[in-house]
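Below are the chains, spelled out letter by letter.
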Amino acid sequence: MPELPEVETVKRSLEPLVKNRTIEDVLIYYPKMVKDVDNEVFKNSVIGKPIKRIERLGKHLMFKVGDLTMIIHLRMEGKFLIKQKNTPKDTHEHLRFILSDGRALSYYDVRKFGTVHLREEAELFTTKPLMHVAEEPISETFDILKLKKKLKSNRPIKAAILDQTVISGIGNIYADEILFCARIHPETTAKTLSPYRIEKLAHCAKDILNRAVESGGTTIRTYKNALGIDGMFQLHLNVHMREGEACKNCGRTIKKEKIAGRGTYFCPTCQKKG
Ligand SMILES: [Zn+2]
């Protein structure tokens, strides 16, 4: 699943290819992908409008289309391709935006979990899907006090940092890396963490996500970014996908356990329980 660095990479690679192009038509091949509004209303709302820029919050892409915002979440395997506008529909192609330069922006999704919402500016952060999305740790204005409050829970810390209403942009890969960096066992009850350790966690989250963005994200298993560009951060992973290998810090063996419902990699020596 694409996390903040992979979605940011999609944004950066896609934006120059679609910016200032006008949407001339929309072909909706998978009607259920469009949420809350009727397909015809969605089409009529964006046709004739320019894509002014792309922004991002957590794992959500926000296309600024005229005075509206089209919010797309790639979920498990959603991706974009730029193609000529008249090419036949591909398998797994769900949406096609015909652009004024003769090309098309196409959305593909093998798993069909991706979503698109259309919102007016005034309701952008007061309605789904963005209303409960927390700040991201790489934000200049990230509020550590808010994070400390949100971590006063009985959940394992791994589950807490995967929750997009607690801190946004982190998925399974970066959660493992951040907890290793902060030397926190993934099963640690969130509310037992001292303010110091939460600050360390936030610092690690910021550092790792920023470095991953600079590397173009992580490419493992099936996920490839929009335009087929591979990220390079997998070369810098310390624990994730390294079960049975030696810890780069202490030399002991990296373990994998199911924690918070997810395959979780950690070093039992560097990340002590309690
Ligand atoms: Zn270790």
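This text follows the structure it describes.
Residues numbered from 1 in each chain as written. Predicted model: local features only at pLDDT ≥ 70, side-chain atom pairs only at ≥ 80, totals over all residues. Heavy atoms only, no water.

## Details of the coordination of the zinc ion
Here comes step 1: The protein atoms that coordinate the zinc ion are Cys247 (SG), Cys250 (SG), Cys267 (SG) and Cys270 (SG), at distances of 2.2 to 2.4 Å.
Here comes step 2: Each of the four donor atoms around the zinc ion contributes to a set of angles spanning 100 to 113°, which defines the coordination as tetrahedral.
Here comes step 3: In primary-sequence terms, the residues that donate to the zinc ion follow C-x2-C-x16-C-x2-C. You can see Cys250 sitting in the loop between helix 6 (195–214) and strand 9 (255–259) and its partner Cys267 sitting in the segment after strand 10 (262–266), a full 17 residues away along the chain. (Donors = N, O, S within 2.8 Å, 3.2 Å for Na, K, Ca; no water. Tetrahedral: all angles 85-135°; square planar, octahedral: opposite > 155°, others 65-115°. Helix = DSSP H or I, 4+ residues; strand = E, 2+ residues; numbered from the N terminus.)

## Details of the sheet that holds strand 6 (residues 93–99)
Here comes step 1: Spatially, four strands are ordered 1-6-7-5 in an open sheet, and the strand pairing comes out antiparallel. Strands with a single pairing partner mark the edges of an open sheet, and in this sheet they are strand 1 (23–28) and strand 5 (79–84). Neighbouring strand axes in the sheet, compared pairwise and without regard to direction, differ in orientation by 20° on average.
Here comes step 2: One ladder, built from six bridges, connects strand 5 with strand 7 (residues 103–108); its direction is antiparallel. Paired with Leu81 across the bridge in strand 7 is Ser106.
Here comes step 3: Lying over the sheet, helix 1 (residues 4–18) contacts strand 5, strand 6 and strand 7, oriented at roughly 25° with respect to strand 5.
Here comes step 4: Contacts between helix 2 (residues 39–46) and the sheet are confined to strand 1 and strand 6, with strand 1 contributing the most and set at about 160° to the helix. (Pairing = 2+ DSSP bridges. Axes fitted to C-alpha atoms, helices over the stretch in contact; angles between N-to-C directions. Contact = heavy atoms within 4.5 Å.)

## With respect to the environment of Lys89
Here comes step 1: Relative to the helices and strands, Lys89 is located in the loop between strand 5 and strand 6.
Here comes step 2: Separated by 17 residues in the primary sequence, Lys89 and Ser106 place their C-alpha atoms 9.6 Å from one another.
Here comes step 3: In this structure Lys89 touches Tyr29 and Arg96, once residues within four positions along its chain are discounted.

## Notes on the pattern of salt bridges
Here comes step 1: For the structure on display, the rule yields 20 salt bridges.
Here comes step 2: Linking Arg53 and Glu55 is a salt bridge whose minimum nitrogen-to-oxygen distance equals 2.7 Å.
Here comes step 3: Note on Arg53: relative accessible area 35%, which makes it partly exposed.
Here comes step 4: Notably, a salt bridge pairs Arg155 with Asp163, separated by 3.1 Å at the nearest N-O pair. (Salt bridge = Lys/Arg side-chain N within 4 Å of Asp/Glu carboxyl O. Buried < 20%, exposed > 50% of the residue type's maximum accessible area, 1.4 Å probe, protein only.)

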